[in-house]
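# Working through the structure, step by step
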Amino acid sequence: MSTTATAPTTNEVDVRVPRFTASVTMTVLAAALVVSTFNTRAAAVILAAQGVVFAIGASAGPLRHPYGRIFSTFIAPRLSPPVKFEPVPLLRFSQGIGLIFAILGIVGFWFGMPTVGQVATGIATFAAFIRSVFGICLSRRLFGLTHRLMGKGTPPCCQGK
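If you're wondering where the values come from, they're calculated on a predicted model, not measured in any experiment. (Residues numbered from 1 in each chain as written. Predicted model: local features only at pLDDT ≥ 70, side-chain atom pairs only at ≥ 80, totals over all residues. Heavy atoms only, no water.)

Broken down by element type, the protein carries six helices and three strands. In sequence order, the secondary structure elements of the protein are arranged as β-β-α-α-α-β-α-α-α. By the burial criterion, 37% of the 161 residues in the protein qualify as buried. Looking at the protein alone, contacts between residues at least 24 apart form 72% of all its contacts between residues at least 6 apart. (Helix = DSSP H or I, 4+ residues; strand = E, 2+ residues; numbered from the N terminus. Buried < 20%, exposed > 50% of the residue type's maximum accessible area, 1.4 Å probe, protein only. Contact = heavy atoms within 4.5 Å.)

This paragraph deals with the packing of aromatic side chains. Under the criterion given, the structure shown has two aromatic pairs. Centroid distance F129 to F134: 6.1 Å. Interplanar angle 85°. Geometry classified as edge-to-face. Residue classification places F134 among the partly exposed residues on the basis of a relative accessible area of 47%. The positively charged end of R41 is found above the aromatic ring belonging to W110, 4.1 Å away from the centroid. (Phe/Tyr/Trp six-rings, centres within 6.5 Å; stacked < 30°, edge-to-face > 60°. Lys NZ or Arg CZ within 6 Å of the ring centre and 35° of its normal.)

In this section: the side chain of Q95. Here Q95 shows up in helix α4 (residues 88-110). Not counting chain neighbours up to four residues away, the residues in contact with Q95 comprise V53, F54, G57, A58 and H65.

With that settled, the discussion passes to the nonpolar core. It is characteristic of soluble globular proteins that their nonpolar side chains tend to be buried jointly. Judged by nonpolar contacts, L29, V35, A43, A44, L47, F54, A102, F109 and A124 together constitute the single largest core of nine residues. Looking at this core, the elements with two or more residues in it are α1 (16-36), α2 (40-60) and α4. Element by element, the count of residues in this core is highest for α2, at four residues. With five residues, the next largest nonpolar core counts V17, F71, V88 and L91 among its residues. (Core = buried A, V, L, I, M, F, W, Y, C linked by side-chain atoms within 4.5 Å.)

This part takes up the pattern of salt bridges. Taken as a whole and judged by the stated rule, the model has two salt bridges. Between D14 and R16 there is a salt bridge, with its nearest N and O atoms 2.9 Å apart. One salt bridge in this structure joins E86 and R131, with 3.7 Å as the shortest N-O distance. Here R131 lies in helix α5 (residues 114-134) and E86 lies in strand β3 (residues 84-87), a separation of 45 residues in the sequence. Neither residue differs from the other here; E86 and R131 are each classed as buried. (Salt bridge = Lys/Arg side-chain N within 4 Å of Asp/Glu carboxyl O.)

Given a rise of 1.5 Å per residue, 21 residues ought to cover 30 Å, and the 30 Å separating the end C-alpha atoms of α1 matches this to within 8%. Among all positions of α1, only V17, P18, T21, A22, T25, L29, A32, V35 and S36 are buried. The buried residues of α1 occupy an angular sector of 150° when the element is viewed end-on, so they sit on one face. The outward face of α1, more than 90 degrees from its buried face, is lined by the exposed residues T27 and V34. Summarising the contacts, the buried residues of α1 are in contact with β2 (12-14), α2, α3 (66-75), β3, α4 and α5. (Expected span 1.5 Å × (residues − 1). Arc of directions from axis to C-beta.)

Don't take any of this as a statement about function, it's just geometry.
And the structure:
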């Protein structure tokens, strides 16, 4: 799952960052699902806001991600030093996958296909739930498969997993 180390490299982040961001993401996505039961356009707007957050995380990385900034500014100083780390490329990839599901959900909610919106949002909510509660990253295997298909071999974070 995560690598244990005494100090992070520039390409790693404390495992508590993605778990925190997944918790906030799960809450936002669950709110979008609840709102979608009575107003799909409002759900699309909530999902669009989360989509922007996903886009920032995918392009700028977990520490520039809005929820990552909240964690590093307000929560991390109150915690013990990190002992486990996650690879940044995997986290950026996960945010990109979240963005894809957010876009599908937005399209579904906005264009009168609430089932499409709810299924896409539900899948993203489930993935965020699994990550936040159990620390399991569902996109890890997809990340490894993508690397292999691109001819880059298996990334270190996915070896033996």
